[in-house]
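Single-letter residue listing:
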Amino acid sequence: MLLKLAWRNVFRQRRRTILTLLTMTGGFFLSSLSIGWMDGSYSSIIMFFTNNRTGQIQVHHEGYLEDPSIYSTISDYQMVGAFLDSIPGVRVWAPRIYSGALLAVRSPGAGSGNVFSNSAAASVIGIDPAMEEAATDFSDRIVLGEMLTASAADTSYAATGQIILGKELSIILEASVGDSLVMLSQAADGSSADRMYVIRGIISTGNADIDRNTCYITLSDAQILFALQGKVHEIAVMTRSLGAVDVLTGDISTGLSGRDLETDSWKTFAVEFYNGMKADEAQLKVTIFIIVLVAAMGVLNTILMMVLERRREFGVMKAIGTRPGFIVRMIVLEANIMGIISVIAGSIISTAGLLFLSKHGLVMDPPLDYGGTVFREMIASITPECYWIPAVCVIITASTVSFLPALKAAHTKAAKTLRTV
Amino acid sequence: MTDNDVIVAEGIVKTYDDSGVPVHAVRGIDYTLEKGEFTAIIGPSGSGKTTFLNVLAGLDTLTEGKVWLSGKLISDMSGKELSDFRRDHIGFIFQAYNLFPVLTVEENVEYVMLLQGVPPIERHDRVMNILEKVGIAEYANRLPMQLSGGQQQRVAVARAMVSRPSLVIADEPTANLDSNTSGSLLDMMRRLNEDTGMTFLFSTHDEIVMRRARKIVVIRDGKIDGKPSSEEIQ
Ligand SMILES: Nc1ncnc2c1ncn2[C@@H]1O[C@H](COP(=O)(O)OP(=O)(O)O)[C@@H](O)[C@H]1O
Ligand SMILES: [Mg+2]
């Protein structure tokens, strides 16, 4: 009876009900899309950022992140790597050496003499070509020339090494593929390190700051140059899914305990990036709150009008012995019927909207810039959150917003309302 | 007070005071209504008929005095007790019919029994039985909107009686009806009163209605006019 009454009451003022349904459905749709779009953006930005550079998890010698010293190394990195390979959630890992050096380009036509024209200080990253390629698709970002190769010649100190320059760095040095340069640095054993390199490629990572001061040599070259045989500074771990990162970080950390190593997730080593994401998430919450608030006002207005219009009816119900609780339940149920219809309608159109956004994405103008990495198009992802969060919002809104008017209706004074003037 | 008294009212006073200026609508009435009566309360507009019925039925609070309904002192009951008491002991018929517009005739009549928790089969039988009696059975599945005023008021009579209350109260039940319809509605109510022994108390200022009452009580300026307070006419 309660349900029958509520259901029919919902549809007696058709136009107003439709308006209310549109408001609630619209609120559902907008929140659902915002969530889907934000979720999609987050995971694609995070995956992009971490897959192209940092990995989702990194292993270092303890304290390296705070004080990245050349001496702070992972000494038995092959063993650590073997352990990582044994963990199912780990897709690949890549070892790296970090140091700094002065690069000086040999002037063309200088014959065999060492005449240098341009020079620049740069970060040197030693990478294992094959592993780095598997981890970060390194060669995809090479805009000129080729990827480094790990040939036997690398191991000979006298031989000329290979180097890849960041695009901006190559412009500063006025050097291009095929040119030679000299790298001057200091090795971990205190000896001076210097060696000739031929430029094999130019890379553009999308982050100009990085490309202005970074060059890449092979891991074995770096180990020789910096006297770090068998050692690395960092192991970047690529996981299979973003959702599992926190758990995996814990697992790896536990597995490597007792080795003076530390394991961190992107949330720690890319903390600024992570904070940027969190700020956006807060913004999303504010957005949803505003959507819910606007929708709630609309619904409140309808329910207040409805209660006012039906005062006489509530008076009759009270007169013939209906308890106040029955009237409260009836009105809250009416609001929730509208809520449920809106959730169903909203889910359908949101699915359509999310499917569209997950295929086409939205072009960002101006583009989003996260830690120097620029995103031009954002794609939505369809997650359970896109449905349950708006649904809970709609139902909670319908219940809260109808409760006070319902109480008011339930305490209608029968004698007063029934008086025919 | 005897078992035969449906209403006993003692020294009832109702003063409205919402606007700051006190309005003395009922100024001290003692009244007894016996089982099986079919009594009209008459009096000019503003004389206090509605107020009198409302306080007797526990729809409005008393300023002074006591009211017993079927032997129960209702003037002391809490809101919820009073609400349940009205549900089980009083049937209401209103001037403006006041059927629930979203419920069919059958559902309107069934409503109070639902509140009382009468089982479905019994509900259905009692609804159809009373609808037969008021001559509306063929319209059981219609909405109130689809009926004439007289037909709606017959449904209202059915709704008031179906829960088998001790008393049916009707405040100007014919005020919205033409004289023919008023006459036949009252004839029907009177017949139900005679057949079932149900007690009726209604207000009116309609000649047609007065003529069909078995007893008349005159109210003037919030007081019962003349002694004895009620006058036998038939
Ligand atoms: N809520 C109220 N506040 C103030 N005065 C009221 C109220 N209701 C009724 N009255 C006054 O009480 C008196 C009796 O009214 P009522 O009982 O409706 O008389 P009747 O039903 O005989 O026309 C009238 O003077 C009326 O104006
Ligand atoms: Mg009146």
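Residues numbered from 1 in each chain as written. Chains lettered and ligands numbered in written order. Predicted model: local features only at pLDDT ≥ 70, side-chain atom pairs only at ≥ 80, totals over all residues. Heavy atoms only, no water.

In this section: a nonpolar patch on the surface. Where nonpolar side chains cluster on the molecular surface, the patch consists of Val286, Phe289, Ile290, Leu293 and Val294 of chain A and spans about 490 Å² of accessible area. Inspection of the secondary structure puts valine 286 of chain A in helix α10 (residues 271-309). (Patch = residues over 30% accessible without salt bridge, like charges linked within 9 Å, V, L, I, M, F, W, Y side chains within 5 Å. Areas by Shrake-Rupley, 256 points an atom, 1.4 Å probe, with all protein chains shown as cover. Salt bridge = Lys/Arg side-chain N within 4 Å of Asp/Glu carboxyl O. Helix = DSSP H or I, 4+ residues; strand = E, 2+ residues; numbered from the N terminus.)

On to the packing of helix α2 (residues 14-54) of chain A against helix α12 (residues 324-360) of chain A, then. Residue and element names in this part refer to chain A. Taken N-terminus to C-terminus, the directions of α2 and α12 make an angle of 40°; their axes are 7 Å apart at the nearest point. Between α2 and α12, the crossing angle belongs to the class labelled oblique. Handedness of the crossing formed by α2 with α12: right-handed. Of the residues in the contact of α2 with α12, the class split is 14 nonpolar, eleven polar and no charged. (Axes fitted to C-alpha atoms, helices over the stretch in contact; angles between N-to-C directions. Parallel < 35°, antiparallel > 145°, perpendicular 65-115°, else oblique. Left-handed = near helix turned anticlockwise from the far one by under 90°. Nonpolar A, V, L, I, M, F, W, Y, C, P; charged D, E, K, R; others polar.)

With that settled, the discussion passes to the site of ligand 1. As a matter of local geometry, ligand 1 sits amid 13 residues, with Arg419 of chain A together with Gly46, Lys49, Thr50 and Thr51 of chain B nearest to it. Each of chains A and B places residues near ligand 1. Burial of ligand 1 by the protein chains amounts to 74% of its free accessible area of 550 Å². Counting residues per element, the shell around ligand 1 draws most heavily on helix α1 (residues 49-56) of chain B, which supplies three residues. Across the shell around ligand 1, the residue classes tally to four nonpolar, six polar and three charged. (Near = heavy atom within 4 Å.)

Many descriptions give the size of an interface as the accessible area lost when the pieces come together. Under the domain assignment, chain A is made up of domain 1 (2-49 + 274-420) and domain 2 (69-232). If you average the C-alpha positions of domain 1 of chain A and of domain 2 of chain A, the two centres end up 56 Å apart. (Domains from an automatic or database assignment.)

Residue and element names in this part refer to chain A. Size it by volume and the largest pocket reaches roughly 930 Å³. As for the largest pocket, its lining consists of 34 residues, and the residues nearest its centre are Arg53, Thr54, Tyr98, Ile210 and Glu234. Residue assignment for the lining of the largest pocket shows that the elements contributing at least two residues are α2, β1 (57-61), β2 (90-106), β3 (116-127), α4 (129-136), β8 (214-218) and α10. When residues in the lining of the largest pocket are grouped by element, the largest group, four residues, is from α2. Class assignment for the residues of the lining of the largest pocket results in 15 nonpolar, 13 polar and six charged. (1 Å grid on protein atoms, 1.4 Å probe; cavity = no way out; pocket = protein on both sides within 12 Å on 5 of 7 lines; lining within 4 Å. Points joined across faces, edges and corners; volume = space filled by probe spheres on them.)

Under the defined criterion, the tally for this structure stands at three cavities of 30 Å³ or more. In this model, the largest cavity occupies a volume close to 90 Å³. Taken together, 13 residues form the lining of the largest cavity, with Val292, Ala295, Cys393, Val394 and Thr397 of chain A sitting closest to its centre. Residue assignment for the lining of the largest cavity shows that the elements contributing at least two residues are α2, α10 and α13 (385-410) of chain A. The element best represented in the lining of the largest cavity is α10 of chain A, accounting for five residues. Looking at the lining of the largest cavity, its residues break down into ten nonpolar, three polar and no charged. By volume, the second largest cavity amounts to about 60 Å³. Lining the second largest cavity are Ile320 of chain A together with Arg87, Ile90, Gly91, Phe92, Val112, Arg159, Ala160 and Ser163 of chain B. Of all elements in the fold, only β6 (90-93) and α5 (149-162) of chain B reach the threshold of two or more residues within the lining of the second largest cavity. The residue inventory of the lining of the second largest cavity, partitioned by class, reads five nonpolar, two polar and two charged.

What follows deals with the interface of chain A and chain B. Of the residues lining the interface, 23 residues belong to chain A; the matching set on chain B comes to 28 residues. Between chain A and chain B the total buried area reaches about 2,300 Å² when both faces are included, carbon and sulfur atoms providing 62% of it. When the buried surface of chain A facing chain B is broken down by residue, Met1, Ile320 and Arg323 of chain A rank first, second and third, together holding 27% of it. Inspection of the region where chain A meets chain B yields three salt bridges. In this structure, the connection of chain A to chain B is made through eleven residue pairs in polar contact (both at pLDDT 80 or more). Of all elements in the fold, only α1 (2-10), α11 (311-319) and α14 (414-418) of chain A reach the threshold of two or more residues within the side of chain A that touches chain B. When residues in the side of chain A that touches chain B are grouped by element, the largest group, six residues, is from α11 of chain A. (Contact = heavy atoms within 4.5 Å. Buried area = accessible area lost by both parts, 1.4 Å probe. Polar contact = N/O pair within 3.5 Å; in protein donor to acceptor, adjacent residues only side chain to side chain.)

Residues and elements named next belong to chain A. A contiguous patch of positive charge, built from Arg311, Lys408, Lys413 and Lys416, is present on the exposed surface. The residue lysine 416 is located in helix α14 in this model. The exposed category is assigned to lysine 416, whose relative accessible area is 54%. (Lys, Arg positive; Asp, Glu negative; His and termini not counted. Charge placed at Lys NZ, Arg CZ, Asp CG, Glu CD. Buried < 20%, exposed > 50% of the residue type's maximum accessible area, 1.4 Å probe, protein only.)

With that settled, the discussion passes to a negative patch on the surface. All names here are of chain A. Side chains of Glu62, Glu66, Asp67 and Asp260 sit close together on the surface and give a patch of like negative charge. Topologically, glutamate 62 is positioned in the loop between β1 and α3 (77-85). Assessed through its relative accessible area of 46%, glutamate 62 is described here as partly exposed.

Before going further, it helps to spend a moment on the nonpolar core. In this structure, Tyr31 and Tyr111 of chain B are the most contacted members of the largest nonpolar core, which totals 73 residues. The greatest single-element share of this core, amounting to ten residues, is contributed by α12 of chain A. In this structure tyrosine 111 of chain B touches Met1, Leu5, Met317, Ile320, Thr322 and Phe326 of chain A together with Phe100 and Leu103 of chain B, once residues within four positions along its chain are discounted. Formed by 66 residues, the second largest nonpolar core is a distinct cluster that contains Ile46, Phe49, Phe269 and Cys386 of chain A. (Core = buried A, V, L, I, M, F, W, Y, C linked by side-chain atoms within 4.5 Å.)

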